[in-house]
Number of protein chains: 2
Amino acid sequence: MQRLPLYLRCLEDLGTGNTRISSDQLAEMANVTSAKVRKDLSFLGSYGVRGVGYEVEHLRFQIEGALGLSRDWAVVIVGVGNLGRALANYGGFPNRGFKVVGLFDDDSAKVGKKVAGTEILPMRRLNGVVKSTKADIGVITTPTAAAQDVADRLANAGIKSILNFAPQVLKVQEGVELRRVDLSTELQVLSFYLHRAGH
Amino acid sequence: MQRLPLYLRCLEDLGTGNTRISSDQLAEMANVTSAKVRKDLSFLGSYGVRGVGYEVEHLRFQIEGALGLSRDWAVVIVGVGNLGRALANYGGFPNRGFKVVGLFDDDSAKVGKKVAGTEILPMRRLNGVVKSTKADIGVITTPTAAAQDVADRLANAGIKSILNFAPQVLKVQEGVELRRVDLSTELQVLSFYLHRAGH
DNA sequence: GCCTGTGAAGGCATTCACAGCA
DNA sequence: TGCTGTGAATGCCTTCACAGGC
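Because the structure is predicted, anything quoted here is derived from the model rather than measured.

**Q** Please provide a residue-by-residue account of the packing of helix α8 (residues 183–196) of chain A against helix α1 (residues 4–13) of chain B, values included.
**A** For the pair α8(A) and α1(B), interaxial distance at closest approach is 9 Å and the crossing angle is 130°. The angle between α8(A) and α1(B) places the two elements in the oblique class. When you trace α8(A) past α1(B), the crossing you get is right-handed. Here α8(A) contributes A:S184, A:T185, A:Q188 and A:V189 to the contact with α1(B), which in turn contributes B:P5, B:L8 and B:R9. Residues of the contact of α8(A) with α1(B), tallied by class, amount to 3 nonpolar, 3 polar and 1 charged.

This is the structure in structure tokens:
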């Protein structure tokens, strides 16, 4: 399942040139094996045609459906530092079904300013905005020390999915989906391979 | 192995209070099972004491050794947008063995400016800086369109590890380790779970 | 008694290989 | 002939359970 977004990106990169694609071609683009592609796609149902391949548009539609991208998701971002700004400005979100409906930061120098057309609000407005916009996903881009408190507040406001960029392992109540992106971790994994390769 | 950085972070968060830790405690902190912790740590050698637990400092030292963090790694960042700035300013790097030795961007409005004490250089300087600093890791935070070209240039300059934040699947020659962090992918995975949970 | 280290069992993901259909 | 769909085989990771030391 983790690979469906990858396939989706490859299909998007394909442009309007090709109307069909084989598992071999898609595997080559995604840097995986063709057997993997076929197994993965067969979970969505049998949309390929033997001897021919997959219809690009139809496949995109099916993957988007499986990922729940056929509707829009409302996203709030907490912490408007460089990383928060990068996410708010990220062009990839709007046309992939993610809409930033709230930006929050308790730095009074930031409150009231706009980023990517959205006004930065103080944290006390979080609960209200989450409820009125029915926000689905919360993104944490605060400093480490604030992250757990923010996670609690998001959960209390009714958010069911949290993406955490702060370098801190968070606890959330059951029923709240939590993902973590840790920049240090990524570099440490690279370090491991470099080390192992003898560099 | 992917979990070693996680354990390391937990140990760091522990502060100076505890000198020993059990697999149960560490599992609780890291949100994994204690059997996993023990299996993972036993790969490093048998550093635990039955009936007691693991010595925190010693364990940190061993994990750092396994991850290759006992030396410093030199990092260059290409693309100084919000994300590039966020990484350059990221406080977690210096004290974890990662040193930013170069910032590159071809935007003439940025070249010559400093971020976190490092001057932004034009792309034509990349090759020279990578070689003179013996840089190990390249981070790509450019727009999508430039990413593949940057990856090629990094590889040609001798970089053996690339961390790619651009939403683009890259091709690199064999022997170059490539990791990818895709913000859209992360949100799409959350979308999948929300969708599946019936939201 | 407590907690690690680790065989054994179980489950999940990947790969193989080929039947089946256009 | 070409490429998908899929059982079967393989390998890997996780979990269980407990023997072994402190």
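**Q** An account of the protein's contact with DNA strand C is requested, with residue identities and associated values reported.
**A** Around DNA strand C sit 19 residues, and of these A:R3, B:S23, B:G48, B:R50 and B:Y54 come closest. The contact atoms of DNA strand C, taken as those within 4 Å of the protein, divide so that sugar and phosphate hold 62%. Within the side chain of B:S23, one N or O atom sits 2.5 Å away from a phosphate oxygen of DNA strand C. In the model, a sugar or linking oxygen of DNA strand C is placed 2.9 Å from a nitrogen or oxygen of the B:R50 side chain. Of all the elements in the fold, those that place two or more residues in the surface near DNA strand C are α3 (34–42) of chain A together with α3 (34–42), β2 (48–49) and β3 (53–55) of chain B. In terms of residue count, α3(A) provides more of the surface near DNA strand C than any other element does, 3 residues in total.

**Q** Summarise the interface of chain B and chain A; cite the residues concerned and give the values.
**A** Where interface size is given, it is often the accessible area lost as the parts come together that is meant. Facing 62 residues of chain B, the contacting portion of chain A comprises 62 residues. Around 5,800 Å² of area is buried between chain B and chain A when both sides are counted, 65% of it from carbon and sulfur atoms. It is B:L187, B:Q188 and B:L190 in chain B that bury the most area against chain A; as a group they hold 12% of the surface buried on that side. For the interface between chain B and chain A, the tally reads 22 residue pairs in polar contact (both at pLDDT 80 or more). Of all the elements in the fold, those that place two or more residues in the side of chain B that touches chain A are α1, α2 (23–30), α4 (56–67), α5 (82–89), β8 (137–140), β9 (161–164), β10 (177–180) and α8 (183–196) of chain B. Ranked by the residues each element gives to the side of chain B that touches chain A, the list is headed by α8(B), at 13 residues. Considering only residue class, the side of chain B that touches chain A consists of 33 nonpolar, 15 polar and 14 charged.

**Q** Quick one: what's the story with the nonpolar core, residue by residue and with numbers?
**A** Counting residues in each nonpolar core, the largest one holds 92 residues, and the members touching the most others are A:I63 and B:I63. Contact partners of A:I63, with chain neighbours within four places excluded, come to A:L4, A:Y7, A:L8, A:L11, A:L41 and A:L44.

**Q** Could you give me a rundown of the protein's contact with DNA strand D, with the residues and numbers involved?
**A** Residues in close proximity to DNA strand D total 20 residues, the closest being A:S23, A:G48, A:R50, A:G51 and A:Y54. Protein-proximal atoms of DNA strand D, defined as those within 4 Å of the protein, fall in sugar or phosphate at a share of 59%. For DNA strand D, a base oxygen lies 3.3 Å from a polar atom in the side chain of A:K39. For the surface near DNA strand D, the secondary structure elements donating two or more residues are α3, β2 (48–49) and β3 (53–55) of chain A together with α3 of chain B. Per-element tally for the surface near DNA strand D: the top contributor is α3(B), with 3 residues. Residues of the surface near DNA strand D, tallied by class, amount to 4 nonpolar, 8 polar and 8 charged.

Rules used throughout
The written sequence of each chain sets the order in which its residues are numbered from 1. Labels are handed out in written order, letters beginning with A for the chains and numbers beginning with 1 for the ligands. Side-chain atom pairs in this predicted model are given and counted only at pLDDT of 80 or more, local residue features only at pLDDT of at least 70, and totals for whole chains, interfaces and linings cover all residues. Calculation of side-chain values draws on the structure's entire complement of heavy atoms; hydrogens and water are dropped beforehand. Fitted lines through C-alpha atoms give the axes, limited to the stretch in contact for helices. The angle between two N-to-C directions lies from 0 to 180 degrees. Secondary structure counts use DSSP, requiring at least four H or I residues in a row for a helix and at least two E residues in a row for a strand, with both numbered from the N terminus. Angle categories: roughly parallel below 35 degrees, roughly antiparallel above 145, roughly perpendicular from 65 to 115, and oblique for all the rest. Two helices cross in a left-handed way if the nearer one is turned anticlockwise from the farther one by less than a right angle. They cross in a right-handed way if the turn is clockwise. Whether two residues are in contact is decided by their heavy atoms, any of which lying within 4.5 Å being enough. The classification used treats Ala, Val, Leu, Ile, Met, Phe, Trp, Tyr, Cys and Pro as nonpolar, Asp, Glu, Lys and Arg as charged, and all other residues, Gly among them, as polar. Note on terminology: near, applied to a residue and a molecule or strand, indicates that one of the residue's heavy atoms is within 4 Å of it. Definition of a polar contact: a pair of N or O atoms within 3.5 Å, with one able to donate and the other able to accept a hydrogen when the atoms are protein atoms, and with sequence-neighbouring residues admitted only if both atoms are side-chain atoms. Accessible-area loss on putting two parts together, using a 1.4 Å probe and summing over both, is the definition of buried area adopted here. Throughout this description, the term nonpolar core refers to a set of buried Ala, Val, Leu, Ile, Met, Phe, Trp, Tyr and Cys residues connected via side-chain atoms within 4.5 Å. Three labels apply to residues, based on accessible area from a 1.4 Å probe with only protein chains included: buried if under 20% of the type maximum, exposed if over 50%, partly exposed otherwise in between.

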